[in-house]
Amino acid sequence: MHFVKWDLLLIFWWCKLGSLVHCYTVHISEDAGPRTVVAGVERSARCTLDQVLAPKFTEQFLETDAATGIVFVSDSIKCPSLRSNPFTVFTVSDCRDPGYRHLLTSQYEVHVHGRNCSNMRKRKPQWDMEVLSLFSTESQHRSECHEAGSALFAVGGLLPGSPLRCKVTNTRDFYFSEGDLCVSETLCWMQDTLRELDLICDVLTGNGLSAEVNPISIHWRVGQGPFRQAHLEKLLEKAAQSDSGIVSRRRRSINSSPQFQPPMYQVSVAENQPAGTPVVVLKAMDVDEGEAGRLEYFIEALFDSRSNNLFAVDPINGAVSTIEVLDRETKDTHVFRVTAVDHGKPRRTGMATLTITVRDTNDHGPVFEQEDYKENIRENLEIGYEVLTVRATDGDAPVNGNILYRIINSNGSNEVFEIDSRSGVIRTRGLVDREEVDAYMLLVEANDQGRDPAPRSATATVHIVVEDDNDNAPQFSEKRYVVQVPEDLSPNTEILQVSATDQDRGSNAVVHFSIMSGNTRGQFYIDAQTGNMDLVSQLDYEANKEYTLRIRAQDGGRPPLSNISGLVTVQVLDVNDNAPIFVSTPFQATVLENVPLGYSIIHIQAVDADSGDNSKLEYLLTDTTPNFPFSINNSTGWIIVAAELDRESVDFFNFGVEARDHGHPAMSSSASISMTILDVNDNNPEFTQKAYYMRLNEDASVGTSVVTVSAVDQDINSVVTYQISSGNTRNRFSITSQSGGGLITLALPLDYKLERQYVLTVTASDGTLLDTTKVFVNVTDANTHRPVFQSSHYTVNINEDKPVSTTVVVISATDEDTGENARITYFMEDSIPQFDIDTDTGAVTTQMELDYEDQVSYTLAITARDNGIPQKSDTTYLEILVNDVNDNSPRFLRDHYTGSVMEDVPVFTSVVQVSATDRDSGLNGRVFYTFQGGEDGDGDFIIESTSGIIRTLRRLDRENVPVYSLQAFAVDKGVPALKTPVNVHVTILDVNDNPPVFEKDEFDIMVEENSPIGVVFAHVLATDPDEGSNAQIMYQIVEGNIPEVFQLDIFSGELTALIDLDYETKSEYVIVVQATSAPLVSRATVHIKLVDKNDNLPVLKNFQIIFNNYVTDKSNSFPTGVIGRIPAFDPDISDQLHYSFEVGNELNLVLLNQSTGEIQLSPALDNNRPLEASMRISVSGETVYNSMCFRLLSVQ
């Protein structure tokens, strides 16, 4: 007996118990006794049992009796030791015909039943028998031919019954006729070549009532050659390469493939563990024994080749371990294709996937975006102002990377700042004053709150420099400056330095000085930068004893701040610089000789322009003789009679008088006096004119003759003397007797501003009698004064958006003269095209549009010139400060901005920073950023108002929004505010955060039975919203595929069958498929429903109809209706059976419904005659048919 190990890829199924011959399915109990027949062949003269092919494990309980041609149970059967149940037994018979030898192979499916048996249904084989027929020739090298229509050999002796009819189905080269296999056309045989055909026959087995017609399918190979072992092996090896036959069925192999359980491994390992750390042990099962069951394991990275350098597998035991220290932050997931390879021939493989997730440990501290942050802010910002945002990232997982911020040195002056512990936004919590603290240094800590092994932290330094605002006006060093200046101090001499300080910084602290008021005569000048005050022109105490000047201190801020509280008092010190001046010289007087002692003769007057002791005068007479008859009052200057006069003794005296002041040194002047002694008379002198009208220029010099008045006395030898008795204001004039008249001269300088007309009363006296006249002196103006500006420096402001011809300011100067001398013309010293000045009014107007951003200030030198002769002038400086108007929109540094960010970044991650500038100043140039009115990605992003950093506000999802088109605005703080938009494109980078998704959770796949093995019959596809390698999907069958019936391509999702699918064996398979995008998975249930094909013959059984045809007059028992149906069925549910009589019913004794198989008896049988008849009924489907026999028997 020969046993050959045959590994079968089987579909387990249950089959109904049937006879050995036509069903080829055997059911035995595990308790079957010895000699229980399992398989056998009918003995005949033509055939003998040659071989039995059975699995090796059946050697323990099966034996073959070649003499009787049976396979039987030889020992007890132990179900747990069965490698497969059912198992297949092939019998090989050797049959001989003249000129032919036939090798018949029959297949038996053996099912073992028992308490410990696992019996699975198995599909019926494709053929019931396989036959190899060879005919011999005289020469093995000569090819023999058969003519068309010739018979090759008889089929009947080779089948387990008599063939009623047969049909060749797959070739036209052969046909069946009258029990023989014939060739259709002339056929010449080639050496070592087999012709193949499929034959379906209805075979009649049994005799009499036990006779049955059974269908049988045979795969036949016919060829030419010797029936020797070597030649047979050669032919069978060649036949194995065809698509038919037991040795070439693809579902069978010599070696079983390993299988992993489970087909997918998902494990985790902590990072930073030493090399050699165990990860997982892979285990595959292989039912084979020996070398075919010895496995070797391999792993190969699927998506990232770097994984190959981090893990290794022991090829013997499947233990996976690390070969390098792992870093989760470098790569957190590793996916491998796991392969188990056996050592059979050919070598078979099994595959699974291994996903290794690296667990996080807190091995990364927070890292700030910058080690040092630097930010400038302006003082006086509102509370809550966002200064800047510090940002730290942590490469660890969220549980070890939950960062909180705090200011370590938050005490002292740093208390004005606070930090948001989550976002890192630093804000003001108090007022910032640069004058108190001009720079801050904050130490910010970021703590990751990690637990394994402990929290980590990092620090960054934040330097905040406070920029100056012009919020402090200059302050004078003294409330009032007092300086005493001698009137004889030389011009261009410094008399004082005014100082002021400003607590601001830079240009905001630069102080400029100017005289606002009190400098009417322009006698003082102050240096704008140094504050040094100089005397410009000579002082005259006698003209002005004190000056009060108001000083303005103005800083250089934009706009400037000024202080006009500075007062300077200039006290002019008198100097004895004026000698007394007699009002008239020489003095002439007459006196009657009879006047009494003490009589006042003449008032000698002298004036001194000085003051104090310098102007206090005393008088004394000079050139006198002893017993001189006159004396003078030292204080008043009146000359009185000191002794009696006697004209006859002395009628004329000539002496001198001296006036001396009390200055140091004293100054004096002298004059001569002529005194005539007169006789007494009785006629009054009379003026020749009662009024005199004169005009005198105010700049006439002292001593200038004004007019001579004249009086006539009728007395003989009368001498008339003249005096100004009234109207001589400020003693401007004096009168002397000269040539009988009175000459009026200018004694002191005139001042048109003080007096423009004098009305002098002049008295003419002859010593006793007198007369008066009026002298009208009109003072005409002289160009004695230059125009004077009120201030040497003016500052005005004008908005830059004012239209052309706008009046900026009206500058005016004053001139104490009158007329043309006081008519002032204004002009600019330098030609500045932006401005013009009206020559008459001093109005400064704009000639061009101003632009603060081009020039912030202008300084104009403006001169005021009078029209006197000679012309006099004064110059002042006009500083025009251009006020900024919000006329410039912010401007971004780029036309557009782009950024990218991973979709799984935490909230508040920095994406991109935008930056804009504004040419305006102050609030007009202070820019903040906002999404308001723009596009913030439906709230997914925020923008820091001060820094322009765009950060994430919510978790992002690339699969929902892969690209954001944001629009941010830079807005200034002017009124109204101006803003500028900019487009920001943010690309979201993919991370593997989406599992694959099947279209449905459950699929129905319709597959025709008998579909070729290995041909793709469906695609199981899932989609992954991720992209790139993150969207790479692997497919696996994880449930319902034991044993392996289907194969799912790991990458394409192509579903193929590994065995023949038979609807009648199993109509539906339910498997669970898994789509993996490591480490994410999803599953779907797939219902594989087989579509029935008509591949089975109708199943029939012989039967007999017995009826009682005995009839009496009183009964009517003959059955006239349907008495039954043909006992036939078709395993193919889709097949419609058709029933017909083949033989035996020529008399139509039985009525048959050809569609339903219902049977009725013909009324012709309603008689008393006994009847027995045999009939054959044919039952056919769409493509196949079968037949049965039955007997009709009537009894009495």
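Here, every reference points to the structure presented above.
Treat the numbers as computed from the prediction; the structure is a model and nothing was measured.

Q: Whenever I open this one, the overall build of the protein chain confuses me. Can you help?
A: A count of helices and strands for the protein chain gives two helices and 96 strands. Scaling as 2.2 N^0.38, a compact globule of 1196 residues should have a C-alpha radius of gyration of about 33 Å, whereas the protein chain reaches 70 Å, well beyond that. For the protein chain, the C-alpha atoms occupy an extent of roughly 230 × 70 × 70 Å along the three principal directions. Across the 1196 residues in the protein chain, those meeting the buried criterion constitute 50%. In the protein chain, of all internal contacts separated by at least 6 residues, the share reaching a separation of at least 24 is 70%. A total of about 56800 Å² of accessible surface is found on the protein chain, and carbon and sulfur atoms cover 48% of it.

Q: How should the nonpolar core be read in this particular structure?
A: Side chains of a nonpolar character, in soluble globular proteins, are inclined to be buried together. Grouped together as the largest cluster of nonpolar side chains are 29 residues, with contacts concentrated most on Phe582, Val591, Ile604, Phe630, Ile639, Phe655 and Met675. Of all the elements in the fold, those that place two or more residues in this core are strand 45 (587-592), strand 46 (600-603), strand 48 (617-622), strand 49 (630-632), strand 50 (638-641), strand 51 (652-661) and strand 52 (668-678). The leading source of residues in this core is strand 52, at five residues. Residues contacting Val591, with those up to four places away along its chain left out, are Tyr599, Ile601, Phe630, Val641, Leu645, Met675, Thr676, Ile677 and Leu678. Counting residues in each nonpolar core, the second largest holds 28 residues, with Tyr100, Met129, Leu159 and Ile218 among its members.

Q: I would appreciate a short explanation of the pairing of strand 34 (residues 457-467) in the present structure.
A: Successive side chains on a regular strand alternate, one facing one side of the sheet and the next facing the other. Inspection of the sheet shows strand 27 (residues 372-378) paired to strand 34 by seven bridges, in the parallel sense. Bridge pairing links Asp372 to Thr461 in strand 34.

Q: Explanation requested: the sheet that holds strand 28 (residues 386-389) in the structure shown.
A: For sheets, the rule is that strands pair by backbone hydrogen bonds, running either parallel or antiparallel. Read from one edge of the open sheet, three strands run 28-32-31, paired in antiparallel fashion. Two strands lie at the open edges of the sheet, namely strand 28 and strand 31 (417-419), each paired on one side alone. Strand-to-strand, the axes of this sheet are offset by a mean angle of 20 degrees, without reference to chain direction. For strand 28 and strand 32 (residues 425-428), the ladder comprises three bridges, and the chain directions are antiparallel. If you follow Glu386 over to strand 32, its bridge partner there is Arg427.

Q: So what exactly am I meant to see when it comes to the environment of Cys145 here?
A: Its location among the elements puts Cys145 in strand 9 (residues 145-146). A relative accessible area of 37% places Cys145 in the partly exposed class. Along the chain, Cys145 and Leu187 lie 42 residues apart, while their C-alpha atoms are 5.3 Å from each other. When residues no more than four places from it in sequence are discounted, the contact partners of Cys145 are Leu187 and Cys188.

Q: Would you take a moment to explain the side chain of Glu445 for this structure?
A: Its location among the elements puts Glu445 in strand 33 (residues 439-447). Within the structure, the side chain of Glu445 is placed 2.8 Å from the side chain of Arg406, a separation counted as a polar contact. Once residues lying within four places of it in the same chain are set aside, the contact partners of Glu445 are Phe368, Leu404, Tyr405, Arg406, Ile408, Ser457, Ala458 and Thr459.

Q: Would you mind going over the pairing of strand 95 (residues 1171-1180) with me for this structure?
A: Taking burial as the measure, the ten residues of strand 95 include seven buried ones, the bulk of the element. The pairing of strand 92 (residues 1138-1143) with strand 95 spans five bridges and is antiparallel. Paired with Phe1141 across the strands is Ile1177, a residue of strand 95.

Q: Can you help me understand the environment of Ser257 in this one?
A: Mapping Ser257 onto the fold places it in the loop between helix 2 (229-239) and strand 17 (259-260). Separated by 87 residues in sequence, Ser257 and Gly344 have C-alpha atoms that sit 9.4 Å apart. Once you skip the residues sitting within four places of it in the chain, Ser257 turns out to touch Met285, Asp286, Arg348 and Thr349.

Q: So what exactly am I meant to see when it comes to unusual backbone geometry here?
A: Negative phi is the rule for most residues except glycine; trans is the rule for most peptide bonds. In this chain, Ile869 is followed by Pro870 through a cis amide linkage whose omega measures -5 degrees. By the secondary structure assignment, Pro870 is in the loop between strand 68 (857-866) and strand 69 (873-883). For the bond from Val975 to Pro976, the omega torsion is -5 degrees, close enough to zero to count as cis. Notably, Asn272 is not glycine yet its phi reads approximately 70 degrees, a positive angle. Mapped onto the elements, Asn272 comes out in the loop between strand 18 (264-270) and strand 19 (278-281). Even without glycine at this site, Phe908 takes up a positive phi of about 75 degrees. Structurally, the position occupied by Phe908 is in the loop between strand 71 (896-902) and strand 72 (910-913). Judged by its relative accessible area of 24%, Phe908 falls in the partly exposed class.

Reading guide: rules and limits
- Residues numbered from 1 in each chain as written.
- Predicted model: local features only at pLDDT ≥ 70, side-chain atom pairs only at ≥ 80, totals over all residues.
- Heavy atoms only, no water.
- Helix = DSSP H or I, 4+ residues; strand = E, 2+ residues; numbered from the N terminus.
- Rg over C-alpha atoms; globule rule 2.2 N^0.38 Å.
- Buried < 20%, exposed > 50% of the residue type's maximum accessible area, 1.4 Å probe, protein only.
- Contact = heavy atoms within 4.5 Å.
- Areas by Shrake-Rupley, 256 points an atom, 1.4 Å probe, with all protein chains shown as cover.
- Core = buried A, V, L, I, M, F, W, Y, C linked by side-chain atoms within 4.5 Å.
- Pairing = 2+ DSSP bridges.
- Axes fitted to C-alpha atoms, helices over the stretch in contact; angles between N-to-C directions.
- Polar contact = N/O pair within 3.5 Å; in protein donor to acceptor, adjacent residues only side chain to side chain.

The quantities given are spatial measurements derived from coordinates; they are silent on function.
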